[in-house]
Amino acid sequence: MKNLIPSLQSKIVKELAENGPATINEIKRMLGKDYRAVWFSVKSLLKKGLLEPVDIKEYRGRVFHRLWLSLDGALMALLLGAKPDKIRELGLKYLGFKDDVDRETFEFCIELAETYGADWLGGFIYPEKPFMVTASIVILTKPMTDDMLKILSKYPALKRYIWERAISGMLKLRKIIGKELSRSNFKSRLEKRDRFKTS
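Conventions and cut-offs
Residues numbered from 1 in each chain as written. Predicted model: local features only at pLDDT ≥ 70, side-chain atom pairs only at ≥ 80, totals over all residues. Heavy atoms only, no water. Helix = DSSP H or I, 4+ residues; strand = E, 2+ residues; numbered from the N terminus. Buried < 20%, exposed > 50% of the residue type's maximum accessible area, 1.4 Å probe, protein only. Contact = heavy atoms within 4.5 Å. Areas by Shrake-Rupley, 256 points an atom, 1.4 Å probe, with all protein chains shown as cover. Phe/Tyr/Trp six-rings, centres within 6.5 Å; stacked < 30°, edge-to-face > 60°.

1. What about the overall build of the chain?
Helix and strand counts for the chain come out as nine helices and two strands. Ordered by position from N to C terminus, the α and β elements of the chain give α-α-α-β-β-α-α-α-α-α-α. Scored against the burial criterion, the 199 residues of the chain give a buried share of 36%. In the chain, 57% of the contacts between residues at least 6 apart in sequence involve partners at least 24 apart. About 12800 Å² of surface is accessible on the chain, with carbon and sulfur atoms providing 56% of the total.

2. Observations concerning the environment of Arg-103
As for its placement among the helices and strands, Arg-103 is situated in helix H6 (residues 100–116). Classification of Arg-103 as partly exposed rests on a relative accessible area of 26%. It is 9.2 Å that separates the C-alpha atoms of Arg-103 and Ala-157, two residues lying 54 residues apart in sequence.

3. Quick notes on the packing of aromatic side chains
A complete count under the given rule lists four aromatic pairs for this structure. Both rings, one in Trp-39 and one in Phe-40, keep their centres 5.1 Å apart while their planes meet at 80°; by these two values the pair is edge-to-face. Judged by relative accessible area, which is 33%, Trp-39 ranks as partly exposed. The class of Phe-40 is partly exposed, set by a relative accessible area of 44%. A ring pair is formed by Phe-97 and Phe-106, whose centres lie 5.6 Å apart and whose planes are at 45°; its orientation type is tilted. Residue classification places Phe-97 among the partly exposed residues on the basis of a relative accessible area of 22%. In this structure Phe-106 comes out as buried when scored by relative accessible area, which is 0%.

4. Some details on the side chain of Ser-10
With respect to the helices, strands and loops of the structure, Ser-10 is situated in helix H1 (residues 7–19). You can call Ser-10 buried: its relative accessible area is 13%. In this structure, Ser-10 is in contact with Ile-5 and Leu-80, ignoring residues within four places of it in sequence.

Printed below as a string of structure tokens:
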């Protein structure tokens, strides 16, 4: 999955995914790039919500934020080809999950990437907002569906969340279809009445 984000930003995401948190200066040294270019790329990644400060490093009386991937950033790293096992290890250490659904979604996506590869995972999550698992149509074979359901069964909070979202969507659909049916039903009654009046 290429060209999801600009080249330097992609390198920064992958570097952090492989090596853990770093300050902007440390990222610059890792990549051997110009400080200004790295600084602008990091600011852009922070604005996109792909990076976040995880702790502070003090050096000669000054304080520097060490940055690592956000939840979205970790999944973007998967799409960019970073190693799932390294992302899992660092993610469980540095990511601040707001609830069980976040943690389980992270682990579920890691497991999907390990099972089917990051390219396949790219069709399942939004590239512009990776953490938003989509209900878009993904062509699945019967064994893949069985495997995914087996993997999903390990994550009860995520399973419950997906189930609730699916039911909510079905209820909205039923309401829309119900309105359409009642409109067409009303129209057919009017047509019958008009036919009755004319006969």
